[in-house]
Amino acid sequence: MSGSANFELDLREFVTLNIKCIHFFGYFSPEFAENSKKRILFRIYATVFVGFAFVLSLLSQIANMIDAFGDMEKMTEASFLLFTNIVQCLKLYCFMKYGARVWRLVHSLNRKIFKPRNATQYDVLKRDIGRSKIITKLFLLACTITYASWCVSPFLDKKGENGVRLPLSGWYPFSTKETPAFELAYAYQIFTTWVGGLGDISMDTFMSGAIMVISAELSVLNNALETLKQRFVDDPQKIREEEKLVNKELVRCVIHYKNIIGFANEVTYLFTDCITAQFLVGVIIVCMSMFQMSLVPVMSFRFFAMMLYQICVLMEMFLWCYYGNEVILKSDLLTQSAYMCEWVDNSKEFKQNLLYFMTRTQFNLQLYASGYFALSLQTFKAIIKSSWSYFAVLNQVHDQKMA
Amino acid sequence: MMKFKVSGLVADLMPNIRLIQGSGHFMLNYHADNSGALHTLRLGYCCVTLVFMLLQYGCNFVNLVLERGDVNDLAANTITVLFFTHCITKFVYFAVRSKLFYRTLGIWNQPNSHPLFVESNNRYHALALKKMRRLLYIIIVWTSFSAIAWTSITFVGESVHTTKDPENENLTISEPIPRLLVRAWYPWNAMSGMPHMLTLIFQVYYVFFALAHANLLDSLFCSWLIFACEQLQHLKEIMKPLMELSATLDTYVPKSADLFRAPSATSQDNLIENDYNSKNEDLKGVYSTRQELGGHFRGAALQNFGAGGVGPNGLTKKQELMVRSAIKYWVERHKHVVRLVTAIGDAYGVALLLHMLTSTIMLTLLAYQATKITGVDKYAATVIGYLLFALAQVFHFCIFGNRLIEESSSVMEAAYSCHWYDGSEEAKTFVQIVCQQCQKAMSISGAKFFTISLDLFASVLGAVVTYFMVLVQLK
């Protein structure tokens, strides 16, 4: 209540890094005034950049998929990147369609009720902001390493192969066997997949940053509830005032919870399609990449490249599921935190309000994608299990075909 | 240095603590004399133990790598290595997270008390103590028995292993190996004579201490749970007299009228002071409150009774205060138990997760080994011994975790089954809030992945049996 000036914190820091990345890749326009020159320039930049780097590459992959239909090995090779790009398309669409709402969401992070009010809460928020930034950077780095290993793998694996092949399959209107067509295609592939990968990661980490905000705010709320205390005074008149004050604090906590739920609903509404698509397609992607891994010898670079890719995809989903799980656990803790405050000596009104609050917090806050996939560690386990069983089936079918 | 005085959980668990210190765990607190020289000596002892454990474990691992050709040997050695991985994990885990353990041990250093409920408190405390001692004896007996059984079975049967015949690739011959408790590679020849004797003694020490490391920590965890459960029993028991205390005199005459003739009849009403530090990270005790006998009246602040001094519930101001203080005792004690359980979960949750991971893999391999049992021989005895030991370890903490869940969810039952309808408004609100809190049972989770309960044990047992059945069918 006092000294809140010392605890000033811009909660948008949770997602600023991600937003900057997404701006750079042209997926999300910054807030310029309507019809300003900057806005038009940005639109042109975005169209050209995204069009060249993303749309063309996607078209080439679709054409390749149609071309390779029927051959299982070629299809799996063509498909795993294609599916990632299709999901990325969907995410792009979400950001573009809901651009204004996303901006409102980001600015609403700084609402007064989310701000920390004591040192512990400030530390929690600061620590979580730091974590969000580190996770974004680590992910971008992992993505770069994965794509770097893909670049390098055709050169390192070429013993026994008929020349150097392109790291990824794609359909081009020209033959890619001779130079300079090969170099051009190679450079184009590397550039577009790298840029696409980084853009994808920045959008994913933006979403996970939003979920981290919910989890951090629930920690703050837990702390606020536990430290609810009526100040002890001797004068009976002053006691009434103190009762009113502590009651106000409790009501503030209730409103805080309402705000958190509202924020969570907004996040879920905006990104529900992306997350669902990522889960569904993620199962297929992991299955395909495992299949690809089984086709190449274990010690080859391509194997490691595929494994890195698989780990990246799994980690994306794990991040959401882990922080969704944190949200569930922390909201479970709210009843206990409310109980741990000093309620025995407080007024009847306080106890009644506390009871209403504790009745509401019996139901934890679960984040759902499309109303069905709960973001939790159970979902993640289910994803891994499904990928493994599909991979086993695919392997069997492939072995039978070979035999 | 503060003067050495044990209280709370440390006093209750002193035998456990001494045994843990004796087995070489890095528990360096709780000594009367903690001067530099002795401290260094103790630290040295722990480090030496750690070095011996790691050396022997390394020898086991090298042996695993060397003997990986034969599938049977590979399976057997992997099981041994996993078994001792678990023991080493517990040892290292304690060394790394000892601060959390100290915090949990210090949490009960200053519990509150209330003159009305002292007798019940002491009774349940004594009960908890008795159960903790009994558990400790069982663990000691079990560990010693396992170590002795392991040593004796070494001397039964031939000490050989099968390798490929160097002359004929398709045949296998049996080659003698040193008669030791665990198969390990040593840079010296341990076949017979003095080296063999010394190696054998070292291995007996290793096996006994490794088992002790794992089991003693588990028993510390279970003792904490026993204590928490007995506290919950105490709280459930005093719920009824508390309600009777607050009941209106005209509807129900509590025989607790003689409770009002409190033993400390000369003192004023005692209230627990209202300035707790609930999040005090001090090692001396998270929970600190002082009971002020001779009291601190907030009488004027409470109810504005009329001149008659009889409140709306038919109780006098003095009785009202007594009820208030009793409720406060109950709530603060309950909160204290919640804090204790949270601290236990923080301290030991990750260890349980690691335990379950190693056990799952080990039990799967044991199921495979069990399909190769042909008769009642040394092989069968060792496989069944490993199986029973591993399952017993899991059962050990599952049963106490389950009891905690049962006890904490039955608090709501107790709150409901007391005569709450006879109680005062304040008592009824108190029961309401307590019921809201107790709807969700307190449980220990293995680092948020799973809950420690008998369900876990049942699923582990079921999985082992399923694997066994499937593998037997496949043969």
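Source: prediction; values computed, not measured.

An account of the overall build of chain A is needed here, citing residue identities and associated values.
Along its length, chain A carries ten helices and two strands. Counting over 403 residues, chain A shows a buried share of 54%. Within chain A, residue pairs in contact and separated by at least 24 positions form 82% of the contacts whose partners lie at least 6 positions apart. Per element, the accessible surface of chain A, about 19,000 Å² overall, is 65% carbon and sulfur. For chain A, the centre of its 40 positive side-chain charges and the centre of its 34 negative side-chain charges are spaced 4 Å apart.

Could you give an account of helix α6 (residues 181–226) of chain A, naming the residues involved and the relevant values?
For α6(A), built from 46 residues, the straight-helix expectation of 68 Å at 1.5 Å per residue is met to within 8% by its first-to-last C-alpha distance of 67 Å. The buried count for α6(A) comes to 40 of 46 residues, which makes it a mostly enclosed element.

Pulling in residues and values, what's your account of the environment of Phe301(A)?
By secondary structure assignment, the location of Phe301(A) is in helix α8 (residues 301–339). On a C-alpha basis, the gap between Phe301(A) and Ile134(A) in space is 28 Å, while along the polypeptide they are 167 residues apart.

Pulling in residues and values, what's your account of the pattern of salt bridges?
One side chain can pair with another of opposite charge once the charged atoms of both are near each other. Residues and elements named next belong to chain B. According to the stated counting rule, one finds 28 salt bridges over all chains in the structure shown. Residue glutamate 407 is joined to lysine 236 by a salt bridge in which the shortest nitrogen-to-oxygen separation is 3.1 Å. Of this pair, glutamate 407 sits in helix α9 (residues 378–417) while lysine 236 sits in helix α7 (residues 193–246), and the two are 171 residues apart along the sequence. A salt bridge links glutamate 407 to arginine 403; the shortest N-O distance between them is 3.6 Å. With glutamate 407 and arginine 403 both in helix α9, this residue pair falls four residues apart, about one helical turn. Classification of arginine 403 by relative accessible area gives buried; the value is 19%. Sharing partners across several salt bridges, the network here consists of Lys131, Glu230, Lys236, Arg403 and Glu407.

Kindly report on the packing of aromatic side chains, identifying the contributing residues and their values.
This structure, assessed with the given rule, holds 47 aromatic pairs over all chains. With 6.0 Å between their ring centres and 45 degrees between their planes, Tyr339(A) and Trp343(A) make a pair best called tilted. Across this residue pair, the class does not change: Tyr339(A) and Trp343(A) are buried. Judged by centre distance (6.0 Å) and plane angle (85 degrees), the ring pair of Phe101(B) and Tyr348(B) falls under edge-to-face. Pair noted here: Phe101(B) is in helix α5 (residues 98–106) and Tyr348(B) is in helix α8 (residues 317–370), with a separation of 247 residues, a long-range link. On the basis of relative accessible area, Tyr348(B) is assigned to the buried category, the value being 0%.

Outline α5(B), supporting the account with residue identities and numerical values.
All names here are of chain B. Counting buried residues in α5 gives seven out of nine residues, a clear majority hidden from the surface. Within α5, the full set of buried residues consists of Ser98, Phe101, Tyr102, Arg103, Thr104, Leu105 and Gly106. Buried residues belonging to α5 abut α1 (8–12), α2 (14–22), α4 (71–96), α7 and α8.

Run through the packing of helix α3 (residues 36–66) of chain B against α4(B), naming residues and quoting values.
Residues and elements named next belong to chain B. The geometry of α3 relative to α4 is characterised by a closest axis approach of 10 Å and an angle of 160 degrees between their N-to-C directions. Accordingly, the angle class assigned to the pair α3 and α4 is roughly antiparallel. α3 and α4 meet at a crossing whose hand is left-handed. Two secondary-structure elements touch here, α3 through Cys46, Thr49, Leu50, Met53, Leu54, Tyr57, Asn60, Phe61, Asn63 and Leu64 and α4 through Leu74, Asn77, Thr78, Val81, Phe84, Thr85, Ile88, Phe91 and Val92.

How would you summarise the confidence of the model for chain B if you had to cite specific residues and measurements?
All names here are of chain B. Here chain B averages 83 in pLDDT, while 84% of its residues score no lower than 70. Here strand β4 (residues 291–292) stands out as the least confident element of chain B, with mean pLDDT 34; helix α6 (residues 118–154) is the most confident, with 94. Scored below 50 in pLDDT, residues 249–308 makes 110 contacts in the model with residues more than four places away or belonging to other chains. Reported confidences for the modelled complex are a pTM of 0.85 and an ipTM of 0.85.

Which residues make up the packing of helix α7 (residues 236–295) of chain A against α8(A), and what values do they have?
Residues and elements named next belong to chain A. Viewed as axis vectors pointing N to C, α7 and α8 meet at an angle of 150 degrees, and their least axial separation amounts to 10 Å. As the angle between them shows, α7 and α8 are arranged roughly antiparallel. Between α7 and α8 lies a crossing whose hand is left-handed. Tallied by class, the residues present in the contact of α7 with α8 amount to 17 nonpolar, six polar and two charged.

Describe the UniProt feature "transmembrane region" (unreviewed entry) in chain A, and please don't skip the residues or the numbers.
All names here are of chain A. This chain's UniProt record puts "transmembrane region" (unreviewed entry) on residues 44–66, 78–96, 134–156, 206–225 and 267–291. The span residues 134–156 carries 100% helix and 0% strand; its end-to-end C-alpha distance comes to 32 Å. Structurally, residues 206–225 is divided into 100% helix and 0% strand, and its ends, taken at the C-alpha atoms, are 29 Å apart.

Reading guide: rules and limits
Residues numbered from 1 in each chain as written. Chains lettered and ligands numbered in written order. Predicted model: local features only at pLDDT ≥ 70, side-chain atom pairs only at ≥ 80, totals over all residues. Heavy atoms only, no water. Helix = DSSP H or I, 4+ residues; strand = E, 2+ residues; numbered from the N terminus. Buried < 20%, exposed > 50% of the residue type's maximum accessible area, 1.4 Å probe, protein only. Contact = heavy atoms within 4.5 Å. Areas by Shrake-Rupley, 256 points an atom, 1.4 Å probe, with all protein chains shown as cover. Lys, Arg positive; Asp, Glu negative; His and termini not counted. Charge placed at Lys NZ, Arg CZ, Asp CG, Glu CD. Expected span 1.5 Å × (residues − 1). Salt bridge = Lys/Arg side-chain N within 4 Å of Asp/Glu carboxyl O. Phe/Tyr/Trp six-rings, centres within 6.5 Å; stacked < 30°, edge-to-face > 60°. Axes fitted to C-alpha atoms, helices over the stretch in contact; angles between N-to-C directions. Parallel < 35°, antiparallel > 145°, perpendicular 65-115°, else oblique. Left-handed = near helix turned anticlockwise from the far one by under 90°. pLDDT = per-residue confidence, 0-100. Nonpolar A, V, L, I, M, F, W, Y, C, P; charged D, E, K, R; others polar. UniProt positions renumbered as here; feature names shortened; annotations may be inferred.

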